[in-house]
Amino acid sequence: MSLRQLPNAITVLRLLLTLPIVLALLNGHYGWVLALLLLAGISDGLDGWLVRRNGWHTRLGGYLDPLADKVLMMGTYFTVAWVGLIPWWLMVLVVARDVVIILGALAYRAVTRSLEMQPLLISKLNTFFQIVLVLSVLVNAGVISLPQLYLDALVGIVLVTTVSSGVAYVVGWSRRALAARQPGV
């Protein structure tokens, strides 16, 4: 393996962390879950830093990195809902948003024969608040009790940012796809 592939190897390890995180969640080992999520976050930052610093962009990495992020997030969200730390409806909404984005990307690619993923600001905010919510409910369940008002506010923020980002992607890609199909464009 060349050093150029090191970020991809780190990304695969992050992907593989999903299973121990899910198992620790199912067994109520929230301290371990927090430690493993910290390791996943560090690995995400490290592989991105290595790619940017050294110019080690690869096509495989372009697919692996978001895949690892989505598998980790969806596995964590599903399991956190399964053990009752977040409402089921919120997990379904988070997953549905990702499914809509993936299907929208595939439809856009089918229409335009191209696809460049550019995360929107609302999507970045949504991901941030999804992560903060998961970390908060884990801290609340296994470390220190957090105010219920804070947790409820986070659920509301995740609800609003999830719906907003899903709608923003659908509207944005629809407009671009229609513009690409216009003659002379």
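All figures in this text were calculated on a predicted structure; none of them were measured in a lab. (Residues numbered from 1 in each chain as written. Predicted model: local features only at pLDDT ≥ 70, side-chain atom pairs only at ≥ 80, totals over all residues. Heavy atoms only, no water.)

### Some details on the overall build of the chain
From N to C terminus, the chain includes 7 helices and 0 strands. Moving toward the C terminus, one meets the helices and strands of the chain in the order α-α-α-α-α-α-α. With the C-alpha coordinates of the chain rotated into their principal frame, the extents come out at 60 × 45 × 25 Å. By residue count, 36% of the 185 residues in the chain fall in the buried class. Partitioning the intrachain contacts of the chain with sequence separation of at least 6 by distance along the chain shows that 75% fall at a separation of at least 24. For the chain, the exposed surface amounts to about 10,800 Å²; the carbon and sulfur share of it is 71%. Mean positive and mean negative side-chain charge positions of the chain (13 and 7 charges, respectively) differ by 11 Å. (Helix = DSSP H or I, 4+ residues; strand = E, 2+ residues; numbered from the N terminus. Buried < 20%, exposed > 50% of the residue type's maximum accessible area, 1.4 Å probe, protein only. Contact = heavy atoms within 4.5 Å. Areas by Shrake-Rupley, 256 points an atom, 1.4 Å probe, with all protein chains shown as cover. Lys, Arg positive; Asp, Glu negative; His and termini not counted. Charge placed at Lys NZ, Arg CZ, Asp CG, Glu CD.)

### A short note on the packing of aromatic side chains
Evaluation of the coordinates by the stated rule reveals 4 aromatic pairs. Geometrically, the ring pair formed by Phe78 and Trp82 is stacked, given 6.1 Å between the ring centres and 25° between the ring planes. Taken together, the residues span about one helical turn, with Phe78 and Trp82 both in helix α4 (residues 59-82) at a distance of 4 residues. Classification of Phe78 by relative accessible area gives partly exposed; the value is 40%. Residue Trp82 is classed as exposed on the basis of its relative accessible area, which comes to 55%. Where Trp82 meets Trp88, the ring centres are 6.2 Å apart and the plane angle is 75°; that geometry is what we call edge-to-face. Since its relative accessible area comes to 39%, Trp88 is described here as partly exposed. (Phe/Tyr/Trp six-rings, centres within 6.5 Å; stacked < 30°, edge-to-face > 60°.)

### Focus on the packing of α4 against helix α5 (residues 88-112)
Taken N-terminus to C-terminus, the directions of α4 and α5 make an angle of 160°; their axes are 9 Å apart at the nearest point. The angle between α4 and α5 places the two elements in the roughly antiparallel class. For the pair α4 and α5, the sense of crossing is left-handed. On the side of α4, the interface is formed by Lys70, Met74, Tyr77, Phe78, Ala81 and Trp82, while α5 contributes Trp88, Met91, Val94, Val95, Arg97 and Asp98. Of the residues assigned to the contact of α4 with α5, the class counts are 9 nonpolar, no polar and 3 charged. (Axes fitted to C-alpha atoms, helices over the stretch in contact; angles between N-to-C directions. Parallel < 35°, antiparallel > 145°, perpendicular 65-115°, else oblique. Left-handed = near helix turned anticlockwise from the far one by under 90°. Nonpolar A, V, L, I, M, F, W, Y, C, P; charged D, E, K, R; others polar.)

### Comments concerning the confidence of the model for the chain
Averaged over all residues, the pLDDT of the chain is 87; the fraction at 70 or higher stands at 95%. Taken element by element, the predicted model of the chain shows its lowest mean pLDDT in α5 (85) and its highest in helix α2 (residues 18-26) (96). (pLDDT = per-residue confidence, 0-100.)

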